[in-house]
Structures are given as C-alpha cells and as structure tokens.
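Per-entry structural report
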Amino acid sequence: MPVITEPAALEALRRQDPELAEVILGETARQADCLQLIAAENFMSPAVLEALGSPLANKYAEGYPGARHHGGCELVDVAERIAVERARALFGAEHVNVQAHSGSSAVLAAYAVLLRPGDTVLAMGLTAGGHLTHGSPANFSGRWFDFVPYGVDPATGLIDLDEVSALARAHRPKAIVCGSISYPRHIDYAGFRAVADDVGAHLIADAAHPMGLVAGGAAPNPVPYADIVCATTHKVLRGPRGGMLLCSAELADRVDRAVFPFTQGGAQMHTIAAKAVAFGEASTPAFTAYAHQVVANAEVLAGALEAEGFAVTTGGTDTHLVTVDPAPLGAQGQVARGRLASAGLVLDTCALPYGEGRGLRLGTAAVTTQGMGEAEMARVAVLLSGVVRDVFDVRTVREEVRELAGRFPPYPAR
C-alpha cells in the first residue's frame, strides 16, 4: 500500500471521489509544508498507516477475544491479543485494554470503574492545565462528579504536593487524578500515591501526553503507582488516534466491562491492529533514542525561547512539552498563534496558571520524528520570536519554514 505522498496513492479515491481526494492530498501537503509544533500531534509510520487503512476496518467485533458477539473474529482476535501483549510488556502492566476510542473515553471508563455520580474527585484545575475530563462543566466529568481542583505553585509553576495533600484531607475524595495537558514537568506518581493512600482514595493517572516518553524510558512510569492509567496511543507514542487503559489483574474484568459494553460498542479492529504495530515499534532501541531526542529538543527549544524573551512556565521542561507566555514580546496567546500560523508555524494556546490571557503550548514530538535536532530547535525559537514580535517579514519566514520542512519530510520518498 503506497504512502499517500506517493504517485500511486489514493488512486481509487481520485477516480471515485476527486473532491474528497483533493482534501486529503491538500492536508498531506499542509503537514509536509509547515512545522507541526502541536504537542498532541505526531506522524505515524507507513506501517502504522497501512494497518489503519487495512480491511480489518470491515470487521465488526463487539466483545473481547474469544468472546465476541459476531462470527468470523478468529483473526482479529489474534490482532487484539498481539496489541494487548505488546502493551503489557512495553509498560509492565498486568492488564491492558486497547479498545478505548480516545483518551477521553479511557478516562470515562476509569471513572465508571472507580466512581459513582456525585463522588468527590481531586484533579488539576483547568486553569492550571487540567483536561476537560478533569471537571470541566462542559464535560461529563463536571456534570456527574464533584471536582475539587488543585493548582501549581504561583512562584515556580510546579505542582505542590503539600497543597494536594491538604486538599485531599479536607475533601476526602473518592479518587485523585494526576495528569495534565500542559504541565511540562515529570509528575511525582509515588508522591500522589502516598497522598491517595493517606485519605483512602483511588489514584488515576491520566498519562495521555507522557506515555510515549514512558515507552522510550524518557519519563517515569505511572503503572506501578496508579490504580488505573489512562493514555492515548498517538502523541509521542506515534500510533493511531485512540486510547488505552492499564491496570492490575484485580481490576481487569471491571475495566473491560467499563469499556464494553458500558461506554462503547464494537471495537475498531483496524485501529487496534495499528496500535499493535506502534507498540512493536516503541519497543525498539530506535524508539528509545527517539524519545530521548524528543526531550533533548524540547529542552533546547525551551532555553532558546527564554533567551528570546518568552516567559517559559516552570523555567523549562522535562518532557516534549514547552509552555510559554508571549506577553513579554508584546502579544497575547491567540494573537501570537494567528501570526505564527500564517508563517507555517502551527501550535496551540493553553491556560496560564495565575496569569492573564493565554499562553502558547508547543511540542517537539512531530518535528523529532521528521529528524530535526537541537540546531533546528534553536533556529525555530528565533523564528517564533521574530514572528510574535512582528519584526520578521511573515512571507520570508514562511519560505524558510517551507525549506526547513522540505529538508526533513515526514514521509521521505521510498
């Protein structure tokens, strides 16, 4: 199966539905023509893409291997067992559920296992970097449970476990959630476990962002500490968009029932097969080197952005994430993101703890997959600064970005 950047790609779709084929080809060109600095995005390998686009997408497979509600599942059962066993070995988990359609649906399933509507939950506040599933009133979590938010130290931007402990003792939550969408430092899972044990709470680790770094040995593993770990299979892990849950053997049946039939229907077998391929790739020395390079690139990017005048939250990063306040450069987050997008520098905004306006959230996973290193990150920081300050000609920067992206294509010609 050719990669969509190759001439033979989308041959059938071009004939049957040229309008949609043009959309896909256009998006392929956009990804190759810009710098993808969105922290939640990455480039799947051609092998993962092939599994994702395989005829396994045709198979209906409600249930689990050996206990499906449809016939003809013998081979997709093998695919799911391979995915589960590879994930178990990769993360050292007694049980893994690979059917979750997304990180959010994984969190929903974890709550279904450990909580009941009305229970109190302690989680990172949304303004400090918590996810929508950590208590947003627009999300099921904020409507069904009583969330108490913890934040970060105003001076350092770091999680204060003493504050978390004090809140836990005051509110006696049924569960504590540790994890964030924009916290760039390693999370002290052992410390959170101690707080949870102190008040008799369950511990849920939402490790959607760092799980790929965990696979590559570049971040601490939450599996030994949390009752349930929720994660995504894309981001740094470089798999297909989807989720997974990791837990002890004791919780295995409850976790599986919470995914199916409680919160989801039939498994997406093509996605599960693609997850299996990604887990296999993540178990290699090449991926270990990649994960450490992701962090090295982020550290250089953070330092260079600080030198350019950005206010870097927490003073740096331990992960693929870099979060900054562009206000010292004369622009708020939304304005800065718009300027940068016009120059082909694609990133997100994020909440700023105890700050006004919004900051910028960057990630180095995708550009590292493309083969970029510290030298490129230092130059990217200069481009980011010049565009945000509005002192660089955007068209000139756009050409440099195009040239840089062209030297490091996400899918080199084979």
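Structural notes, computed from the coordinates. No experiment lies behind these values; they were computed from the predicted model shown.

**Some remarks on a nonpolar patch on the surface**
Among the surface-exposed residues, Leu75, Val78 and Ile82 lie close enough to one another that they form a single nonpolar patch of about 280 Å² accessible area. If you trace the backbone, valine 78 turns up in helix α4 (residues 74–91). Among the residues examined, valine 78 registers a relative accessible area of 41% and is labelled partly exposed.

**Quick word on the nonpolar core**
Ranked by size, the top nonpolar core spans 60 residues in total, and within it Phe91 and Met211 carry the most contacts. Not counting residues up to four positions away in its chain, the partners in contact with methionine 211 are Phe91, Pro222, Val223, Val229, Ala231, Met244 and Leu246. Listed in part, the 34 residues of the second largest apolar core include Val312, Val367, Leu383 and Leu384.

**Description of the sheet that holds strand β14 (residues 348–351)**
If you walk across this open sheet you meet the four strands as β11-β12-β15-β14, and the pairing is antiparallel. Where the open sheet ends on each side, the last strands, each with one partner, are β11 (311–312) and β14. Sheet contacts for helix α12 (residues 285–307): β11, β12 (321–325) and β15 (358–363); angle to β12, the most-contacted strand, approximately 10°. Sheet strands touched by helix α13 (residues 333–342): β14 and β15. Its angle to β15, the strand with the most contacts, is close to 45°.

**Details of the pairing of strand β10 (residues 243–247)**
Among the five residues that make up β10, five are buried, leaving the element largely enclosed by the rest of the structure. A two-sided burial pattern is seen for β10, the buried positions comprising Gly243, Leu245 and Cys247 on one face and Met244 and Leu246 on the other. By the bridge criterion, five bridges tie strand β9 (residues 228–232) to β10 in an arrangement that is antiparallel. Following the sheet pairing, alanine 231 is matched in β10 by methionine 244.

**Side note on the environment of proline 137**
Inspection of the secondary structure puts proline 137 in the loop between β5 (120–124) and α6 (140–144). Looking at proline 137, the relative accessible area reads 62%, which means it is exposed. The spacing of proline 137 and leucine 245 is 108 residues in sequence and 24 Å in space, taken between C-alpha atoms. Those residues in contact with proline 137, other than ones at most four positions away along the chain, are Leu126, Gly142 and Arg143.

**Observations regarding unusual backbone geometry**
Here the amide bond leading from phenylalanine 260 into proline 261 is cis, since omega sits at 15°, within 30 degrees of zero. Mapped onto the elements of the fold, proline 261 is located in helix α10 (residues 252–263). We note that arginine 172 has phi near 45°; this positive angle belongs to a residue other than glycine. By the secondary structure assignment, arginine 172 is in the loop between α7 (161–171) and β7 (175–178). A positive phi angle, close to 65°, is found at aspartate 390, a residue other than glycine.

Reading the values: the criteria
Residues numbered from 1 in each chain as written. Predicted model: local features only at pLDDT ≥ 70, side-chain atom pairs only at ≥ 80, totals over all residues. Heavy atoms only, no water. Patch = residues over 30% accessible without salt bridge, like charges linked within 9 Å, V, L, I, M, F, W, Y side chains within 5 Å. Areas by Shrake-Rupley, 256 points an atom, 1.4 Å probe, with all protein chains shown as cover. Salt bridge = Lys/Arg side-chain N within 4 Å of Asp/Glu carboxyl O. Helix = DSSP H or I, 4+ residues; strand = E, 2+ residues; numbered from the N terminus. Buried < 20%, exposed > 50% of the residue type's maximum accessible area, 1.4 Å probe, protein only. Core = buried A, V, L, I, M, F, W, Y, C linked by side-chain atoms within 4.5 Å. Contact = heavy atoms within 4.5 Å. Pairing = 2+ DSSP bridges. Axes fitted to C-alpha atoms, helices over the stretch in contact; angles between N-to-C directions.

That's the geometry; what it means functionally is another story.
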